[in-house]
Amino acid sequence: MIGVFDSGIGGLTVLRALCARFPQLAFVYLGDHANVPYGNRPSSEIVDLTRAGVEQLLDRGARLVLLGCNTATAVAARTLQQDWLPGSQWAGRNVLGIVAPTVEAATQTPWAVTSPQYPQKYNTDIVAVFGTFRTISSGVYLEEISKRCPKVTVVQQVCAELAGAIEDNAGEAVLDALVGAGVAAVMMQTGGATPHRAILGCTHFPLVEELFRRHLPAATRILSQPDLVADSLDHYLERHPEYVTRVDAMPGVRLLTTGDRDRVGATARLFWPDAPSFEQA
Ligand code: DGL
């Protein structure tokens, strides 16, 4: 069984892609709706909340937990992987984040390669990154892209209110204004130059990808995290079949929330009509 964790409904964008890609596997999803949004919280709180969510998924039998959340990945993944998991009762299981596959897609460089390789050495593209306050202030995308592609210009933009507005099911006008302001701020930073690629570095943002498409220049390629995370997990499981072969579970998906299951379920069904009902975590 594979666990997927997010602060709220954002990780469902990733989970949905995983269910389509791996119909033979069992997934359990936990959305921490009682505490969403994470993006403006202090780092120590994000680490504690993420660890609590991961513990719950491991406790329910997940051998592998994917943080379907950029904020949790940027702030907590390394601490959980290196400082917590190995000494915990779940040593031997694993926690993965979603920054690595996104950086791999943005730089066309494997994560294990941390220095510029041909042709990235000559890559002078502009990459825009949209994320929560905490993801952007961690600098993780800037740092990891620059390591591999030092001549790429990384333009970062905080969209502080967007994940919360998506959770609150704000109307299109509100969401459009928030996305429009974020894109305008990016275009200001580039001096009007068209970004070659845009990373929607928050798993809530694919839910308003059309609005990003509307505001970004037509030539900007949007990197879709759900699909590229599914590609990356596919390769990971080929190298690490132990995380799925020892599982004694029926294929399919269970959705759990720390929040109000009816309210969360109604929002989820707006973009995933076939989503199963949420259960109380
Ligand atoms: N969906 C999350 C992310 O990818 C977090 C949004 C939030 O809780 O602020 O960053």
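Anyway, here's the lowdown on the structure attached to this text.

Rules used throughout
Residues numbered from 1 in each chain as written. Predicted model: local features only at pLDDT ≥ 70, side-chain atom pairs only at ≥ 80, totals over all residues. Heavy atoms only, no water. Pairing = 2+ DSSP bridges. Helix = DSSP H or I, 4+ residues; strand = E, 2+ residues; numbered from the N terminus. Axes fitted to C-alpha atoms, helices over the stretch in contact; angles between N-to-C directions. Contact = heavy atoms within 4.5 Å. Core = buried A, V, L, I, M, F, W, Y, C linked by side-chain atoms within 4.5 Å. Buried < 20%, exposed > 50% of the residue type's maximum accessible area, 1.4 Å probe, protein only. Polar contact = N/O pair within 3.5 Å; in protein donor to acceptor, adjacent residues only side chain to side chain. Near = heavy atom within 4 Å. Areas by Shrake-Rupley, 256 points an atom, 1.4 Å probe, with all protein chains shown as cover.

**Some words on the sheet that holds strand S6 (residues 153-158)**
And then number 1: Spatial strand order, S6-S5-S7-S8: four strands in an open sheet with parallel pairing. The open sheet terminates on both sides in strands that have one partner only, identified here as S6 and strand S8 (221-223). This sheet shows a mean twist of 20 degrees between the axes of neighbouring strands, independent of strand direction.
And then number 2: As defined by bridge partners, strand S5 (residues 126-131) adjoins S6 across six bridges and the pair is classed as parallel. What sits directly across from Phe130, in S6, is Gln157.
And then number 3: Packing against the sheet, helix H6 (residues 140-148) makes contact with S5, S6 and strand S7 (197-200), and its axis sits at approximately 170 degrees to S6.
And then number 4: The strands touched by helix H8 (residues 172-189) within the sheet are S5 and S6, with S6 carrying the most contacts at an inclination of about 145 degrees.

**Some points on the nonpolar core**
And then number 1: Counting 68 residues, the largest nonpolar core has Leu12, Phe130 and Phe212 as its most contacted members.
And then number 2: When residues in this core are grouped by element, the largest group, six residues, is from helix H10 (residues 225-239).

**Observations concerning the environment of Ser7**
And then number 1: Residue position: Ser7 is located in the loop between strand S1 (2-6) and helix H1 (11-21).
And then number 2: Residue Ser7 is classed as buried on the basis of its relative accessible area of 4%.
And then number 3: Along the backbone, Ser7 and His204 are 197 residues apart, and their C-alpha atoms lie at a distance of 9.7 Å.
And then number 4: Apart from the residues within four sequence positions on either side, Ser7 is in contact with Gly31, Asp32, His33, Val36, Tyr38, Cys69 and His204.

**Brief notes about the side chain of Asn94**
And then number 1: Among the structural elements, Asn94 can be located in strand S4 (residues 94-96).
And then number 2: Separated by 2.9 Å, the side chains of Asn94 and Tyr236 make a polar contact.
And then number 3: Not counting chain neighbours up to four residues away, the residues in contact with Asn94 comprise Arg63, Leu64, Val65, Leu85, Tyr236 and Tyr243.

**Thoughts on the site of the ligand**
And then number 1: Around the ligand, the structure places 14 residues, and the nearest of them are Ser7, Tyr38, Thr71, Thr203 and His204.
And then number 2: At a separation of 2.8 Å, an oxygen atom of the ligand approaches a polar backbone atom of Gly39.
And then number 3: Take Thr71: an N or O atom from its side chain is 2.6 Å from an oxygen atom of the ligand.
And then number 4: Isolated, the ligand exposes 300 Å² of accessible area, and the fraction of that covered by the protein chains is 99%.

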